[in-house]
Amino acid sequence: MGLRATYFITDAVHDLPRLDDTMIEGAILRAPPDNLFILPLATTERGLNSIGPEEVLKLLAVLRSYFSLVLVDIAWPWRTQLAERMFVAAENRFLCVAQSVTSVHAASTFLKQLRETNSTEPTFRLLVTRHDPEIMPSA
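The numbering scheme is per chain: residues are counted from 1 as the chain's sequence reads. At least 70 in pLDDT is required for a residue's local features to be given in this predicted model, at least 80 for side-chain atom pairs to be given and counted, and no such filter applies to totals for whole chains, interfaces and linings, which use all residues. To get the side-chain values, all heavy atoms of the structure are used, and hydrogens and water are removed first.

Colleague: Quick rundown of the pattern of salt bridges? Include the residues and the values.
Modeller: By salt bridge we mean one thing: a side-chain nitrogen of Lys or Arg within 4 Å of a carboxyl oxygen of Asp or Glu. As enumerated under the stated definition, the model contains four salt bridges in all. In this structure, the salt-bridge partner of Glu25 is Arg30, at a minimum N-O distance of 2.6 Å. Measuring nitrogen to oxygen at the nearest pair gives 2.3 Å for the salt bridge that ties Glu54 to Arg85. Of the two residues, Glu54 is situated in helix H4 (residues 53-66) and Arg85 in helix H5 (residues 80-89); the sequence distance between them amounts to 31 residues. Only DSSP runs of H or I reaching four residues or more are called helices, and only runs of E reaching two or more are called strands; each is numbered from the N terminus.

Colleague: An account of the nonpolar core is needed here, citing residue identities and associated values.
Modeller: Residues enter a nonpolar core if they are buried and are Ala, Val, Leu, Ile, Met, Phe, Trp, Tyr or Cys, with the set joined through side-chain atoms within 4.5 Å. Burial classes follow relative accessibility: with a 1.4 Å probe on protein chains only, a residue under 20% of its type's maximum area counts as buried, one over 50% as exposed, and anything between as partly exposed. One finds Tyr7, Ile9, Leu19, Ile28, Leu39 and Leu59 to be the most contacted residues of the largest nonpolar core, which totals 19 residues. Mapped by element, the contributors of at least two residues to this core are helix H1 (9-14), helix H2 (21-27), H4 and H5. Sort the elements by how many residues they give to this core and H4 lands first, with five residues. Setting aside chain neighbours within four positions, we find Ile28 in contact with Tyr7, Met23, Phe37, Ile38, Leu39 and Leu63. By size, the runner-up hydrophobic cluster in this structure holds eight residues, among which are Phe87, Val97, Leu111 and Leu114. Only heavy atoms matter for contacts: two residues are in contact if any of them lie within 4.5 Å across the pair.

Colleague: Break down the packing of aromatic side chains for me, with residues and values.
Modeller: Two aromatic rings, drawn from Phe, Tyr or Trp (for Trp, its six-membered ring), form a pair once their centres lie within 6.5 Å of each other, and the interplanar angle then sorts them: stacked below 30 degrees, edge-to-face above 60, tilted otherwise. By the definition in use, this model includes three aromatic pairs. Aromatic side chains Phe87 and Phe110 sit 5.5 Å apart centroid to centroid with 90° between the ring planes, which places their arrangement in the edge-to-face category. Of the two residues, Phe87 is situated in helix H5 and Phe110 in helix H6 (residues 101-117); the sequence distance between them amounts to 23 residues. The burial state of Phe87 is the same as that of Phe110; both residues are buried. These aromatic residues form a ring-pair network of at least three members: Phe87, Phe110 and Phe124.

Colleague: Can you tell me about the pairing of strand S4 (residues 125-128), naming the residues and giving the values?
Modeller: Only when DSSP finds a minimum of two bridges between them are two strands counted as paired. The pairing of strand S3 (residues 94-97) with S4 spans four bridges and is classified as parallel. From the neighbouring strand, Phe94 faces S4, where its bridge partner is Arg125. Each parallel crossover has a hand, and the one from S3 via H6 to S4 is right-handed. A crossover gets the label right-handed when its path from the first strand over the helix to the second runs clockwise, viewed with the strands pointing away from the viewer.

Colleague: An account of H4 is requested, with residue identities and associated values reported.
Modeller: Residues lying three or four places apart along an α-helix face the same way, a consequence of the helix completing one turn every 3.6 residues. Here a helix's expected span is defined as the number of its residues, less one, multiplied by 1.5 Å. Taking 1.5 Å per residue as the helical rise, H4 with its 14 residues ought to reach 20 Å, and the 20 Å between its terminal C-alpha atoms agrees with that figure. Looking at the buried residues of H4, the elements they touch are H1 and H5.

Colleague: Describe the packing of H5 against H6, and please don't skip the residues or the numbers.
Modeller: What counts as an axis is a line fitted to C-alpha atoms, over the stretch in contact for a helix, and the angles between N-to-C directions run from 0 to 180 degrees. It is the contact of H5 with H6, at a shortest axis distance of 11 Å, that shows an interaxial angle of 70°. By the angle between their directions, the pair H5 and H6 is classed as roughly perpendicular. Across the interface between the two elements, Thr80, Ala83, Glu84, Phe87 and Val88 of H5 pack against Phe110, Gln113, Leu114 and Thr117 of H6. The classification used treats Ala, Val, Leu, Ile, Met, Phe, Trp, Tyr, Cys and Pro as nonpolar, Asp, Glu, Lys and Arg as charged, and all other residues, Gly among them, as polar. For the contact of H5 with H6, the per-class residue count stands at five nonpolar, three polar and one charged. In these notes the angle categories are as follows: under 35 degrees is roughly parallel, over 145 is roughly antiparallel, 65 to 115 is roughly perpendicular, and the rest is oblique.

Colleague: Tell me about the environment of Pro137, and please be specific about residues and values.
Modeller: Structurally, the position occupied by Pro137 is in the segment after S4. What Pro137 contacts, discounting residues up to four positions off in sequence, is Gln99 and Ser100.

Colleague: Lay out H6 with the relevant residues and their values.
Modeller: Relative to the 24 Å expected for 17 residues at 1.5 Å per residue, H6 spans 24 Å between its end C-alpha atoms, a close match to the ideal helical length. Where H6 is concerned, the buried positions are Ser103, Ala107, Phe110, Leu111 and Leu114. Looking straight down H6, one finds its buried side chains confined to an arc of 95°; they lie on one side. The exposed residues of H6 that point more than 90 degrees off its buried face are Val101, Thr102, His105, Lys112 and Glu116. Buried residues belonging to H6 abut H5 and S3. Note: the arc covers the axis-to-C-beta directions of the helix.

Right, dumping it as structure tokens:
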């Protein structure tokens, strides 16, 4: 979007007691049309390793009290435990895959791990991103 964030999820989890209207309005990046707030995950992997899944889930609970819709784009191949927890906790689940064998295989692996660690499989919708009807595999 051509915007540069200065405040990240890794910052927000450490600011949970101070996270209020003023902080949300002032710290979280806003994108046009100014009602879209963007909170990137981290600037570095080292920063991300300083927080755990429980802290991120607490942050999401706080954000849900301020926003009617919270959309989380999980880098699930990278942080599988966090991805699983967030995926299961979501009200609406969308599993996004690109039109590549690698992406489909990664999604399959993610679902297999999800089934092994949860007693029930959550319902979800499968989305094929950047779909091109000319290439395989088809949707």
